[in-house]
Amino acid sequence: KQEVTQIPAALSVPEGENLVLNCSFTDSAIYNLQWFRQDPGKGLTSLLLIQSSQREQTSGRLNASLDKSSGRSTLYIAASQPGDSATYLCAVINAGGTSYGKLTFGQGTILTVHP
Amino acid sequence: DTAVSQTPKYLVTQMGNDKSIKCEQNLGHDTMYWYKQDSKKFLKIMFSYNNKELIINETVPNRFSPKSPDKAHLNLHINSLELGDSAVYFCASSLRQGGTEAFFGQGTRLTVV
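Just so it is clear, the model here is predicted, and its values are computed rather than measured. (Residues numbered from 1 in each chain as written. Chains lettered and ligands numbered in written order. Predicted model: local features only at pLDDT ≥ 70, side-chain atom pairs only at ≥ 80, totals over all residues. Heavy atoms only, no water.)

### Things to note about the overall build of chain A
Okay, so step 1: The helix and strand tally for chain A stands at zero helices and eleven strands.
Okay, so step 2: The order of α-helices and β-strands along chain A, N terminus first, is β-β-β-β-β-β-β-β-β-β-β.
Okay, so step 3: Compactness check: chain A gives a C-alpha radius of gyration of 14 Å against a globular reference of 13 Å for 115 residues, within 12% of the reference.
Okay, so step 4: If you line up chain A on its principal axes, its C-alpha atoms span 45 × 30 × 20 Å.
Okay, so step 5: Burial statistics for chain A: of 115 residues in total, 46% are counted as buried.
Okay, so step 6: When contacts within chain A are restricted to residue pairs at least 6 apart in sequence, long-range pairs at least 24 apart make up 55% of them.
Okay, so step 7: Total accessible area on chain A is roughly 5100 Å²; 50% of this is exposed by carbon and sulfur atoms.
Okay, so step 8: Between the centroid of the 8 positive side chains of chain A and the centroid of its 8 negative side chains there is a distance of 7 Å. (Helix = DSSP H or I, 4+ residues; strand = E, 2+ residues; numbered from the N terminus. Rg over C-alpha atoms; globule rule 2.2 N^0.38 Å. Buried < 20%, exposed > 50% of the residue type's maximum accessible area, 1.4 Å probe, protein only. Contact = heavy atoms within 4.5 Å. Areas by Shrake-Rupley, 256 points an atom, 1.4 Å probe, with all protein chains shown as cover. Lys, Arg positive; Asp, Glu negative; His and termini not counted. Charge placed at Lys NZ, Arg CZ, Asp CG, Glu CD.)

As structure tokens, then:
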């Protein structure tokens with residue numbers, strides 16, 4: 001059974017800092033890994049999708065890496081801004097068995113960037 | 001122009017009632033999902049449909065019945081609502097069953113009183 005863990009559970013940083021969010025998963029049989037952000041009371045916004053054959057993806061100030069063999073991904077946020085404050089969720093799409101095609105989520109990292 | 005839209009956004013109802021949540025996607029995707037986010041904000045899959053066919057049913061009580069009239073719609077009907085059903089329910093879609101990006105609706109906050 002796939003399990004996804006995100007560390008830290010919460011992070012508070014001053015504006016301008018570079019930061020790293022961590023995600024680990026127990027079953028390396030994945031199609032891809034997706035990072036989302038969720039603002040309070042809102043839905044999930046897709047940030048980055050990394051295919052299992054890729055090592056990293058970049059979008060603006062965001063960079064996500066994937067080490068499938070070790071079951072790890074990191075989301076790097078450069079020059080953080082107060083508008084980055086949200087919950088960041090990592091999800092893997094399982095490749096095999098009864099979990100095929102299913103997104104399994106971590107519990108999220110609550111990020112607060114203060115001015 | 002919302003890609004994945006759910007209605008209603010908020011739903012407050014009494015125990016024992018039956019209610020439905022509707023979901024529509026205009027992305028031309030084949031696969032749609034229902035996820036439940038509990039009070040601790042943990043997201044867990046409930047159902048997945050691919051081209052109107054049920055492919056994932058994640059040990060959800062049979063009071064929950066999804067219905068997909070066409071591949072652009074996946075509705076969730078809940079019978080005999082219980083207090084423990086209170087949660088935020090998210091609809092999502094992806095181009096196909098595996099390996100493609102998932103897009104989520106804004107969620108339906110269900111409160112059972």
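### Concerning the interface of chain A and chain B
Okay, so step 1: Tallying the contact residues gives 20 residues for chain A and 18 residues for chain B.
Okay, so step 2: Here chain A meets chain B over a buried area of about 1700 Å², counting both sides, of which 56% is carbon and sulfur.
Okay, so step 3: As a salt-bridge pair, Glu58(B) and Lys102(A) come within 2.9 Å of each other at their nearest N and O atoms.
Okay, so step 4: Taken together, the elements giving at least two residues each to the side of chain A that touches chain B come down to β4 (30-38), β5 (44-51), β9 (86-94) and β10 (103-105) of chain A.
Okay, so step 5: Counting residues per element, the side of chain A that touches chain B draws most heavily on β4(A), at five residues.
Okay, so step 6: Taken together, the residues of the side of chain A that touches chain B break down into nine nonpolar, nine polar and two charged. (Buried area = accessible area lost by both parts, 1.4 Å probe. Salt bridge = Lys/Arg side-chain N within 4 Å of Asp/Glu carboxyl O. Nonpolar A, V, L, I, M, F, W, Y, C, P; charged D, E, K, R; others polar.)

### Details of the state of the cysteines
Residue and element names in this part refer to chain B.
Okay, so step 1: The tally for this structure, following the rule as stated, stands at two disulfides over all chains.
Okay, so step 2: What pairs with Cys-23 in a disulfide is Cys-91, and their sulfur atoms sit 1.8 Å apart. Handedness here is read from the sign of the S-S torsion; for Cys-23 and Cys-91, about -80 degrees, the answer is left-handed. Of this pair, Cys-23 sits in strand β3 (residues 19-25) while Cys-91 sits in strand β9 (residues 87-94), placing them 68 residues apart in sequence. (Disulfide = S-S within 2.5 Å.)

### As for the pattern of salt bridges
Okay, so step 1: All chains considered together, the criterion is met by six salt bridges over all chains.
Okay, so step 2: Here Arg37(A) and Asp39(A) are joined by a salt bridge, their closest N and O atoms 2.7 Å apart.
Okay, so step 3: For Arg37(A), a relative accessible area of 15% translates into the label buried.
Okay, so step 4: Sharing partners across several salt bridges, the network here consists of Arg63(B), Glu82(B) and Asp85(B).

### Brief notes about the confidence of the model for chain A
Okay, so step 1: Averaged over chain A, the pLDDT score is 93; the fraction of residues at 70 or greater is 96%.
Okay, so step 2: Per-element averaging of pLDDT across chain A places β10(A) at the bottom with 92 and strand β8 (residues 72-77) of chain A at the top with 98. (pLDDT = per-residue confidence, 0-100.)

### A word on the nonpolar core
Okay, so step 1: In this structure, Phe25(A), Leu33(A), Trp35(A), Leu75(A), Ile77(A), Tyr88(A) and Leu111(A) are the most contacted members of the largest nonpolar core, which totals 23 residues.
Okay, so step 2: At the level of elements, β3 (19-25), β4, β5, β7 (62-67), β8, β9 and β11 (109-114) of chain A are the ones that each hand at least two residues to this core.
Okay, so step 3: The contact partners of Tyr88(A), leaving out residues within four places of it in the chain, are Gln6(A), Leu21(A), Phe36(A), Arg37(A), Leu47(A), Leu75(A), Ile77(A), Gly108(A), Thr109(A) and Leu111(A).
Okay, so step 4: Counting 20 residues, the second largest nonpolar core, distinct from the first, contains Leu11(B), Cys23(B), Tyr49(B) and Leu110(B). (Core = buried A, V, L, I, M, F, W, Y, C linked by side-chain atoms within 4.5 Å.)

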